[in-house]
Every structure is written in structure tokens, then in C-alpha cells.
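# Structural features, examined
Residues per chain, in single letters:
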Amino acid sequence: MTKRIIVDPITRIEGHLRIEVIVDENNVITDAYSSSTLWRGLEVIVKNRDPRDVGFMVQRICGVCTYSHYKAGITAVEDALGIKIPFNAEMVRSLMNVSLVLHDHLVHFYHLHGLDWCDITSALQADPKKASELAFKYSKNPLATGADELANVQERVKKFASAKQGLGPFANAYWGHKTYRFSPEQNLIVLSHYLKALEVQRVAAKMMAIFGAKQPHPQSLTVGGVTCVADILDPSRLGDWLTQYKEVADFVNRAYYADVVMAAEVYKNEPSVLKGCGVRNFLCHAEIPINRSETLYSTGIVRNGDISKLLDLDENLITEEATHSWYKNDKPLHPYDGQTEPNYTGFVDKDTIGPDGNPIHTKALDTDGKYSWIKSPRYNGEPMEVGPLAAVVVGLAAKNPRITKIATQFLKDTGLPLEALFSTLGRTAARAIECKLSADYGIEAFNSLVENLKSDQTTCAPYSIDNKKEYKGRYIGNVPRGTLSHWVRIKDGVVSNYQAVVPSTWNAGPKDSKKQMGPYEASLVGTKIQNLTQPLEIIRTIHSFDPCIACAVHLMDTKGNEISQYKIDPIAMNCNI
């Protein structure tokens, strides 16, 4: 007898995400459905606007990925107008990208995904001295793991546990779940780094603000280049960025990377984390130039997990369809021709499992019809996973020297085979590898900028817009959550069409007309759930993608009318079933 499990909302992510799965009599997931429940309207809002304003508008797609969409919007218009930005501007944009990657991945692992691996209540039972000694197994010079520091961490969290709020921000999770594998001492190490990361992420945010004026929503990019001229030419501002970069990079190498190596060692025999890669096609695009000829990321396609073959990326083969999405046109369309006409058909009545494990009748997704505001992107008709795992897989296939060096060292440090990368564990590890890529090599972009400033201080390129001409252009690159592309058509001097194909659309999209699953859905099939009322396995797998559903969907009314109200229980830290 099959059962339906509903997890809504998936918390500790950006945006609104609902997951429904079907499990068999052995609690193994046989089918899965991913649904975003709010509509993104930015593609419609930017129509008939001055294209030079697009970047400032589309960065409001998300409150986390602000720089990613800002740069994408600016670059898409530059591509349409045929603008080649100065080298100084290119390097400054790279430094802002490095800042974003470091900030985003640290926050994700510790504050959004880390508690899927670390049991806080277990950490309270640890021996701080043993934990301190254990930390040296994973790092030659571990950070924030002295016996006194770890004892202090325990005391701080125990105060939460003894107070009225219980464990405070750590309350109402699935502590004691059978798939947790860290020892009490290992949990204490991660908990200490969780708290330390709260401080370090603030430093990473400052890095972005040095050249962006503020974070989130930086303001220094403009069509043609950058406007932060005074900051670029001020040695003290350059020195500030370098100092903060070194501090964050130090945390990545001495804490973040070490914790993921520890997780790989401990979880390598946990079945639920060795699955989670149902789609083995990967797409990545070059990003973060560090000099005039090299980028940190590589471009290409890997099919069926075969890293011996790197396939060329043909942008003409990218489409989005809406067979199971709440839009009118179901046909696969290239983004230049994409349509965004909502067609909401609602939910249906179905039986599911309630919080107490008993069956209840409730509203569920219409899985035979339309069930998500996210479209289904495809490459040559096939689903693709994008994100850090794709960046590592494509980087290995491309023989990218920097990615290959870090990924090879990780496999050596953990003793894991290459195949282990194709899993929830591997995806989590790939994000640490990608973060280390910026921590170890982002400095090359800084050095290129400083050297170039000695002979060239140009920051913006001249251009013109002919209102009698039609233009089209795109940005395609790699951002913290994966391959991002923005596509623009310009007519009569204004935007005539705009489409954003974002990482969480590639990964979280629903089934297509051929019933092919996207990466979220496919990653869950075959996973066994230990306890249907505590589906940690679902949450851990989905969190490994770092969902940013605000990027995929949201809605505004320009007349100021109230559209709807949404009430989220702040006590329900993980999910409602």
C-alpha cells in the first residue's frame, strides 16, 4: 500500500517550496513532486522599461542572490548592445563574485544545511577535550576548536536548552534521528563552527560592500562597467578587501573544508546520503575571470555522469516548457521567445499522512495536471543538474587545473571513490570544493586588477542605443547555485521580452511532457525514510541543492493591492507533514 507524504514548507531555504512523495510499504520513495507556490513576476515587470534599468530591477528577484541577478541583467544588456567592458571592471565584478560565493556557501552549509548533518542535542553530551583533540584529525590547524572554546559553546547552547525557548534557533528539529552519524564530539566541532560562521559571514558581506556600496543589493554595476572608481583607486579600500578575503579564506580551509571531510568519513556508509543524484546530466558555464585568458569555472555538458567526455554547450538547445507548470503555453520555447502568462489551476483533494502518522484528507498537488510555478528547463530535451556538483563534474571533464586539484585532494583526503560525488553527500562536498576554489584562487583576480591599474584606470566603456534598431542578448554564467542565464530583447529603445532561467528552475522544475523528472524529484526516488513523521532524508537531500525558490517564483501588484496573506508557524523549524 502506497502513502503520500507532504513536506510544506521546506524551511531553511530562500522562498516557498513544497515536496510531495509517494512511498511504498517499505517507506521507500517511488515518486516525487516538487512545487513552488508563489509566482515570479519580474520578467513581466521589466517589459517596456529602459534596458539600462533592468539590472537594478531583476536583482530584486531574490534577497540572497542579489548580485548574481544584478550582474546577469547588466551583462545581458551589454551583450545585446555589443559592449566590451574594460578589464578593470571585469576584475572588480570577479572580486564581487568571489565575495558572493564565499558568503553564500558558508551560510548555506552551516546555517541552512548543516543541521541536517549535525545533531545539536548530541553535542551537549560531548567531551570538549576529546573533541578538541579529534579536530586535528581533519585539519593541521583547526579553527575554534580549543577545549576551552568548545566548553564555552556547550555552555552557551545549554542556556538555550534550559530557558523557556528550549533550544532557541535549534528547537523543533529531528534530533536523535537514526540517520545522524556524527559522534557527540564531532557534533560539537560543527556546532562551534556554526556559531563562528555567524561572525565570518558578516566579514564576507563586507567584502561585497567594499566595491558594491552595500550588501545585499549592491549598486556599483552599470551598463558598460562599474561606478566604484574611488574604491578601486584607493589602496586602503583594496587593502580592506584583501584583509577580509584572507580571513574568510582561512575559515574555509581550517573549518568548512575540514568539517565536510569529516562528514564524508562518517556518512560514507549512510544509504540515504549516498543516493540523491537521479539526473546524471550536468551543465556548467565559465565564470569568474581571473586574468585575460582564464576563468575559475569551465563551460560544457556532461551526460550520464561520464567525465571522460566533455560536450560543447549549444545555447540554442536550451528550452523551457510548462506542461506541469501554472502557465498557459505548454510548448518548449527558447528563452528569447519565452512566455510568462500565468494559468493557476489550484490543488485537489487527496489522502496523506498527518503529523501523528495517521491518514488525513487534505489539499494536495494535482500531479496529473499543473502543480508548480516553476517551469521545466531542458537541454536538447533532457533535464540537467546545475550547481556546485555540476561545476566540479564539468571542471573534471574539462581538466580545469584548479578544480581538478581541489577535487582530487578531497577524494584523497576522504578515501572516497569518484562515484561518491554523484550523491547528496557528493553535492554537499562539491559546494565546499567550489567555495575552496574561490578561497584559494580568487586572489588571482585581485592581483590582476592591481597590476592593470598601474597602467590603465578605465572603468566604463562608451556605448549608444539606436531606438530604430532591435537587439537581443543574454548573460549565461555560473553563480553559487549553478548556471544562470538572462535573455533580453530590446525594441524601440525598451525591453520587449525578458526571461531568466535560474539554477533553481533547472533543478526544481516539475516533470515535463515526456514525464522526465527534474533533479529535485529524481534525487528523492529510491530513498528510504526511517520515520514518515520525521522525513529528515527528504529535507537533507533537497537542502543539498541550496534551493532558492524566490529566484524561481514571486509576485507583486504594481497598484498596491493585497494579493494574499501567508502565515508560517515560526515554531515549525523543519516542516509540516
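Heads up: the structure comes first, above all this text.
Here's what I pulled together on the structure shown here. (Residues numbered from 1 in each chain as written. Predicted model: local features only at pLDDT ≥ 70, side-chain atom pairs only at ≥ 80, totals over all residues. Heavy atoms only, no water.)

### Quick notes on empty space enclosed by the protein
- Throughout the structure, instances matching the rule amount to five cavities of 30 Å³ or more.
- Size it by volume and the largest cavity reaches roughly 90 Å³.
- For the lining of the largest cavity, a count of residues per class yields four nonpolar, four polar and six charged.
- As a volume, the second largest cavity reaches approximately 70 Å³.
- Forming the walls of the second largest cavity are Cys-65, Ser-68, His-69, Val-479, Pro-480, Arg-481, Leu-484, Val-502, Pro-503, Ser-504, Cys-548 and Cys-551. (1 Å grid on protein atoms, 1.4 Å probe; cavity = no way out; pocket = protein on both sides within 12 Å on 5 of 7 lines; lining within 4 Å. Points joined across faces, edges and corners; volume = space filled by probe spheres on them. Nonpolar A, V, L, I, M, F, W, Y, C, P; charged D, E, K, R; others polar.)

### Details of the pattern of salt bridges
- A complete count under the given rule lists 29 salt bridges for this structure.
- Residues joined by salt bridges that share partners form a network here, namely Arg-4, Asp-8, Arg-18 and Glu-20. (Salt bridge = Lys/Arg side-chain N within 4 Å of Asp/Glu carboxyl O.)

### Focus: the packing of helix α7 (residues 147-162) against helix α8 (residues 184-212)
- Their axes nearest at 10 Å, the elements α7 and α8 cross at an angle of 75 degrees. One finds that α7 runs roughly perpendicular with respect to α8. Where α7 approaches α8, its residues Leu-150, Val-153, Gln-154, Arg-156 and Val-157 are matched on the opposing element by Leu-188, Ile-189, Leu-191, Ser-192 and Leu-195. (Axes fitted to C-alpha atoms, helices over the stretch in contact; angles between N-to-C directions. Helix = DSSP H or I, 4+ residues; strand = E, 2+ residues; numbered from the N terminus. Parallel < 35°, antiparallel > 145°, perpendicular 65-115°, else oblique. Contact = heavy atoms within 4.5 Å.)

### Here we look at helix α13 (residues 401-414)
- Its 14 residues place the ends of α13 20 Å apart at the C-alpha level, agreeing with the 20 Å of an ideal helix rising 1.5 Å per residue.
- Residues Arg-402, Ile-403, Ile-406, Ala-407, Phe-410, Leu-411 and Thr-414 constitute the buried set of α13. Summarising the axial view, the buried residues of α13 lie within an arc of 155 degrees, below the 170-degree limit, and thus occupy one face. Residues Pro-401, Lys-405 and Lys-412 are exposed on α13 and point more than 90 degrees away from its buried face.
- Buried residues in α13 make contact with α10 (235-267), α12 (388-397), α14 (424-441) and α15 (443-453).
- N-cap assignment for α13: the residue whose side-chain oxygen lies 3.1 Å from the backbone N of Arg-402 is Asn-400.
- Gly-415, located one to two residues past α13, shows a positive phi value of around 75 degrees. (Expected span 1.5 Å × (residues − 1). Buried < 20%, exposed > 50% of the residue type's maximum accessible area, 1.4 Å probe, protein only. Arc of directions from axis to C-beta. Polar contact = N/O pair within 3.5 Å; in protein donor to acceptor, adjacent residues only side chain to side chain.)

### Points about the nonpolar core
- Leu-102, Phe-170, Phe-211, Trp-241, Tyr-256, Phe-282 and Phe-410 are the most contacted members of the largest nonpolar core, which has 143 residues in total.
- A total of 18 residues in this core trace back to one element, the largest contributor, which is α10.
- Every residue in contact with Phe-282, bar those within four places of it in the chain, is listed here: Cys-277, Gly-300, Ile-301, Val-302, Gly-305, Met-384, Glu-385, Leu-389, Ala-390, Val-393, Val-394 and Phe-422. (Core = buried A, V, L, I, M, F, W, Y, C linked by side-chain atoms within 4.5 Å.)

### Section: the pairing of strand β1 (residues 3-7)
- Counting buried residues in β1 gives four out of five residues, a clear majority hidden from the surface.
- Looking at chain direction, β1 and strand β2 (residues 17-23) are connected through five bridges and run antiparallel. What sits directly across from Ile-5, in β2, is Val-21. (Pairing = 2+ DSSP bridges.)

### Thoughts on the sheet that holds β2
- Taking strand neighbours across the sheet as the criterion, the three strands line up as β1-β2-β3 in an open arrangement whose pairing is antiparallel. Taken across any chain shown, the strands that pair with only one partner, and hence form the sheet edges, are β1 and β3 (29-36). Going from strand to strand, the sheet's axes swing by 15 degrees on average, the running direction of each strand aside.
- Sitting on the sheet, helix α18 (residues 536-543) is in contact with β1, β2 and β3, with an inclination near 130 degrees to β2.

### Things to note about unusual backbone geometry
- Pro-9 follows Asp-8 through a cis peptide bond whose omega is 0 degrees.
- The backbone of Asn-380 sits at a positive phi, close to 55 degrees, despite the residue not being glycine.
- Structurally, Asn-380 can be placed in the loop between β11 (376-379) and α12.
- Exposure remark for Asn-380: the relative accessible area of 53% places this residue in the exposed category.

### Here we look at the side chain of Glu-537
- Tracing the sequence through the fold places Glu-537 in helix α18.
- It turns out Glu-537 is buried and unbridged, and the closest side chain with the opposite charge, Arg-540, is 6.1 Å from it.
- A distance of 3.0 Å separates a polar atom in the side chain of Glu-537 from the backbone nitrogen of Gln-530.
- Apart from residues lying up to four places away in sequence, Glu-537 is in contact with His-177, Thr-179, Ser-272, Thr-527, Lys-528, Ile-529 and Gln-530. (Lys, Arg positive; Asp, Glu negative; His and termini not counted.)

### Details of the sheet that holds strand β14 (residues 494-501)
- Reading across from one edge, β12-β13-β14 is the order of the three strands in this open sheet, with antiparallel pairing throughout. Here the strands that pair on one side only, and so sit at the sheet edges, are β12 (471-479) and β14. Recorded for the sheet is a direction-independent mean angle of 15 degrees between the axes of neighbouring strands.
- Strand direction decides the pairing type here: β12 and strand β13 (residues 482-491), joined by nine bridges, are antiparallel. If you follow Lys-472 over to β13, its bridge partner there is Arg-489.
- The strands that helix α3 (residues 66-81) touches are β12, β13 and β14; relative to β12, the one it contacts most, it runs at about 145 degrees.

### Things to note about the packing of aromatic side chains
- Enumeration over the complete set of coordinates arrives at 21 aromatic pairs.
- The structure contains a cluster of three or more aromatic residues connected by ring pairs, namely Trp-326, Tyr-327, Tyr-344, Phe-347 and Trp-373.
- Across the ring face of Tyr-441, the terminal group of Arg-402 is positioned such that the distance to the ring centre comes to 5.7 Å.
- Its guanidinium or amino end placed over the ring of Tyr-257, Lys-436 lies 5.3 Å from that ring's centre, counting from NZ or CZ. (Phe/Tyr/Trp six-rings, centres within 6.5 Å; stacked < 30°, edge-to-face > 60°. Lys NZ or Arg CZ within 6 Å of the ring centre and 35° of its normal.)

### Quick notes on the pairing of strand β10 (residues 359-364)
- For strand β9 (residues 348-353) and β10, the ladder comprises six bridges, and the chain directions are antiparallel. In the sheet register, Asp-351 faces β10, and the bridge partner there is His-361.
- Between β9 and β10, which pair antiparallel one after the other, the connecting turn spans five residues, and Gly-357 there sits at a positive phi close to 90 degrees.

### A few points about the packing of α12 against α13
- Direction vectors running N to C along α12 and α13 enclose 110 degrees, while the axes themselves pass 8 Å from each other. Relative to α13, the element α12 lies roughly perpendicular. Considering how the two elements wind past one another, α12 and α13 form a crossing that is left-handed. Across from Ala-391, Val-392, Gly-395 and Leu-396 in α12, the residues of α13 making contact are Ile-403, Thr-404 and Ala-407.
- Taken together, the residues that form the contact of α12 with α13 break down as five nonpolar, two polar and no charged. (Left-handed = near helix turned anticlockwise from the far one by under 90°.)

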